[in-house]
Amino acid sequence: MKLIIKFFPEITIKSRQVRKRFVAQLKANLKRLLRDIDPDARVNGNWDSLEVNLGADPALQQRCIERLKNTPGIAHCHEVHEYPLGTLDELAELCVATLGEQVRGKWFSVRCKRVGTHDFSSQDVGIKVGSALNQRCGAAGVSLKAPEVVVQIEIRNERVFLIQARHQGMGGFPLGTMEPVLSLLSGGFDSTVASYQMLQRGLLPHFVFFNLGGRAHELGVRQVAHYLWERYAASHRLRFVSVPFEGVVAEILQNVENSQMGVVLKRMMLRAADRVAYRLNIDALVTGEAIAQVASQTLPNLSVIDNAAERFVIRPLITTAKLDIIDTARRIGTLEFSSSMPEYCGVISVGPAIRTTLAKVEEVEACFDFDVLKEAVQNASYSDCSELDQVPEGGAEVEVVSTALTGQVVLDIRPPDEQEARPLTLDGIEVKPVPFYSLSSAFATLDDSRAYLLYCEKGVMSHLHAQYLLDSGHGNVRVLRLPKQ
């Protein structure tokens, strides 16, 4: 099978030197990607288009086509049959024999593109081939404005390519033509789509994840990062950095004024990302923030947040509507991942300030112990995205129960304000309030002979923290998920 690769239009308007570099990068990317699927695949061409020749295995051909459809830099690819160029009469006969069934009963048009010197024009080809197809193949007729079928012919010097199928690509610039960036990835809709848009534009997004929910939380985000890499960026090595941030959240909750918590948390994340980016020699950070989507994302607050970072902060979704972001997530295949991913940044602040100032934030940050942030960055783990589909060793499944038994202790891990607003009482059962941000340290002081059930209203935080405790060797923990009233 032969495929003709058509470049993203913006590539073709670059200067000659830049275009050659972009095409060479795309060619190198395709060679790396396709050789892992089909050892017989060959990539040729350089200026106007690339030609990909595949082996005879139909299954491998389909896998290669799917890979091409998700490779940045490709506008579309044509599945073609190649023939030597003869006379116009011979070309018309060839089209009748190979394309006649496509136009039967349909309104159609013929479009020809030529490269080289010939004694006929592209219009001559259209007239000759169109007339033969219309008269001999049972077509409904010729329609130049609204054809049901477009017969596409490419003539390159002494070769003819009859296009059998057209596969839409993802567009953009080839990976590696732009600089690397560090994308703050939570696994939710916004950060995932923002990372995809970086990939589509030819940048290399390495990922930094701020872990607020233990091993289970990280496993979910690892899946998202691996999916983005494997589907859209497997031609390059991308890094995944996990920063343990539970201690930072606990420090904020205990020592920062409630109205400023959201902005301070974002500033701490940018500070940590800045240090990770420095280690990876990366000059820009990427976030999924959109203007006014939540309280911390007003213009005054974003300005204060950016002040914490030395590096340039890119926000590709800054004016994008949430429904459009979700639509993009559905199109690129990350909807299911993000739909099940809890949003942690919104659970820790009540009555957040929407127009804070740098002076106010610096005042409340004076109470923050920055050694906690330094320790979190020092304890960050670095992985290759190619390894993220390998589940870390250890970890038992969390058991979920709907009732508490006599002798068991229920740990209410909700934030204090939720506990006060909706106290949890269970007849004959001990209920102990332990906010999630202090659970790790508090659990070590509890009686190991007792069985503990973690509770939160949605069951998400309790499940993630129970997984973390199980992975840490505490086998006496389960999740309590009460039936809805």
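Reading guide: rules and limits
Residues numbered from 1 in each chain as written. Predicted model: local features only at pLDDT ≥ 70, side-chain atom pairs only at ≥ 80, totals over all residues. Heavy atoms only, no water. Pairing = 2+ DSSP bridges. Helix = DSSP H or I, 4+ residues; strand = E, 2+ residues; numbered from the N terminus. Axes fitted to C-alpha atoms, helices over the stretch in contact; angles between N-to-C directions. Parallel < 35°, antiparallel > 145°, perpendicular 65-115°, else oblique. Left-handed = near helix turned anticlockwise from the far one by under 90°. Contact = heavy atoms within 4.5 Å. Nonpolar A, V, L, I, M, F, W, Y, C, P; charged D, E, K, R; others polar. UniProt positions renumbered as here; feature names shortened; annotations may be inferred. Buried < 20%, exposed > 50% of the residue type's maximum accessible area, 1.4 Å probe, protein only. Expected span 1.5 Å × (residues − 1). Arc of directions from axis to C-beta. Phe/Tyr/Trp six-rings, centres within 6.5 Å; stacked < 30°, edge-to-face > 60°.

Another point: the sheet that holds strand β15 (residues 400–401). With respect to topology, 5 strands assemble into an open sheet ordered β15-β19-β18-β16-β17, the strand pairing being parallel. Each end of this open sheet is capped by a strand with a single partner; those strands are β15 and β17 (430–433).

With that settled, consider the packing of helix α9 (residues 261–280) against helix α14 (residues 370–378). Two numbers describe how α9 lies on α14: the axes approach to 10 Å, and their chain directions differ by 45°. In terms of their interaxial angle, α9 and α14 are classed as oblique. Here the hand of the crossing between α9 and α14 comes out right-handed. Contact residues: Met268, Arg271, Ala272 and Arg275 in α9; Phe370, Leu373, Lys374 and Val377 in α14. Of the residues that constitute the contact of α9 with α14, the class distribution is 5 nonpolar, no polar and 3 charged.

Tracing the chain through its elements places Phe22 in helix α2 (residues 16–35). Remark: the alpha-carbon pair of Phe22 and Ser191, spanning 169 residues in sequence, is separated by 27 Å. When residues no more than four places from it in sequence are discounted, the contact partners of Phe22 are Ile11, Lys14, Phe173, Pro174, Thr177 and Met178.

What follows concerns the sheet that holds strand β12 (residues 284–286). Taken in spatial order, the 6 strands of this open sheet run β13-β12-β9-β10-β11-β14, and their pairing is mixed. Here the strands that pair on one side only, and so sit at the sheet edges, are β13 (312–314) and β14 (381–384). Averaged over all pairs of adjacent strands, the angle between their axes in this sheet comes to 25°, without regard to strand direction. Here α9 sits on the sheet and contacts β9 (180–184), β10 (204–211), β11 (239–244), β12, β13 and β14; the angle it forms with β9, its principal contact strand, is near 150°.

In this section: the pairing of strand β19 (residues 477–480). Where β15 meets β19, 2 bridges bridge the pair, whose relative direction is parallel. If you follow Val401 over to β19, its bridge partner there is Leu480. Pairing geometry for strand β18 (residues 452–455) and β19, over 3 bridges, is parallel. Residue pairing across strands places Tyr452 opposite Val477, the latter belonging to β19.

This paragraph deals with the UniProt feature "active site" (unreviewed entry) in the chain. Per the UniProt entry, the sites bearing "active site" (unreviewed entry) are Cys456 in this numbering. Relative to the helices and strands, Cys456 resides in the loop between β18 and α17 (460–471). Beyond its immediate stretch of four places on either side in the chain, Cys456 contacts Ile413, Arg414, Met461 and Ser462.

Turning next to unusual backbone geometry. Here the phi dihedral of Asn281 falls at roughly 60°; this positive angle occurs in a residue that is not glycine. Here Asn281 is to be found in the loop between α9 and β12. Taking relative accessible area as the criterion, Asn281 reaches 63% and is therefore assigned exposed.

Let us now look at α2. For α2, which comprises 20 residues, the first-to-last C-alpha distance of 28 Å matches the rise-based estimate of 28 Å (1.5 Å per residue) to within 8%. Every buried residue of α2 is accounted for by Arg19, Phe22, Val23, Gln25, Leu26, Asn29, Leu30, Leu33 and Leu34. In an axial view of α2, the angular spread of the buried residues amounts to 160°, which keeps them on one side of the axis. Residues Arg16, Gln17 and Arg35 are exposed on α2 and point more than 90 degrees away from its buried face. Lining the buried residues of α2 we find β1 (2–7), α1 (9–12), β2 (42–45), β3 (50–53), α3 (58–69) and β4 (74–84).

Right, let's get into the packing of aromatic side chains. A full pass over the atoms with the stated rule returns 9 aromatic pairs. Both rings, one in Tyr196 and one in Tyr232, keep their centres 5.0 Å apart while their planes meet at 70°; by these two values the pair is edge-to-face. Residue Tyr196 is found in helix α6 (residues 189–200), and its partner Tyr232 is found in helix α7 (residues 214–232); the two are separated by 36 residues along the sequence. The residues Tyr196 and Tyr232 share a single accessibility class, namely buried. Ring centres of Phe209 and Phe240 lie 6.2 Å apart, and the angle between their planes is 20°; this geometry places the pair in the stacked category. In this pair, Phe209 sits in strand β10 while Phe240 sits in strand β11, placing the two residues 31 residues apart along the sequence. Residue class for Phe209 comes out buried when judged on its relative accessible area of 1%. Look at Phe240 and you get buried, because its relative accessible area is 1%. What links up through ring pairs into an aromatic cluster is the set Tyr196, Tyr227, Tyr232 and Phe337.

Taking 1.5 Å of rise per residue, 12 residues should cover 16 Å, and α6 covers 16 Å from first to last C-alpha, within 8% of that figure. Within α6, 10 of the 12 residues are buried, leaving the element largely enclosed by the surrounding structure. Of the residues one or two after α6, Gly202 is the one with positive phi, at around 90°.

Interhelical geometry of α9 versus helix α13 (residues 358–365) gives an angle of 80° and a closest axis separation of 11 Å. When the axes of α9 and α13 are compared, the pair comes out roughly perpendicular. Residues Val263, Val264, Arg267, Met268 and Arg271 of α9 form the contact with α13, whose own contacting residues are Leu358, Val361, Glu362, Val364 and Glu365. The residue inventory of the contact of α9 with α13, partitioned by class, reads 6 nonpolar, no polar and 4 charged.

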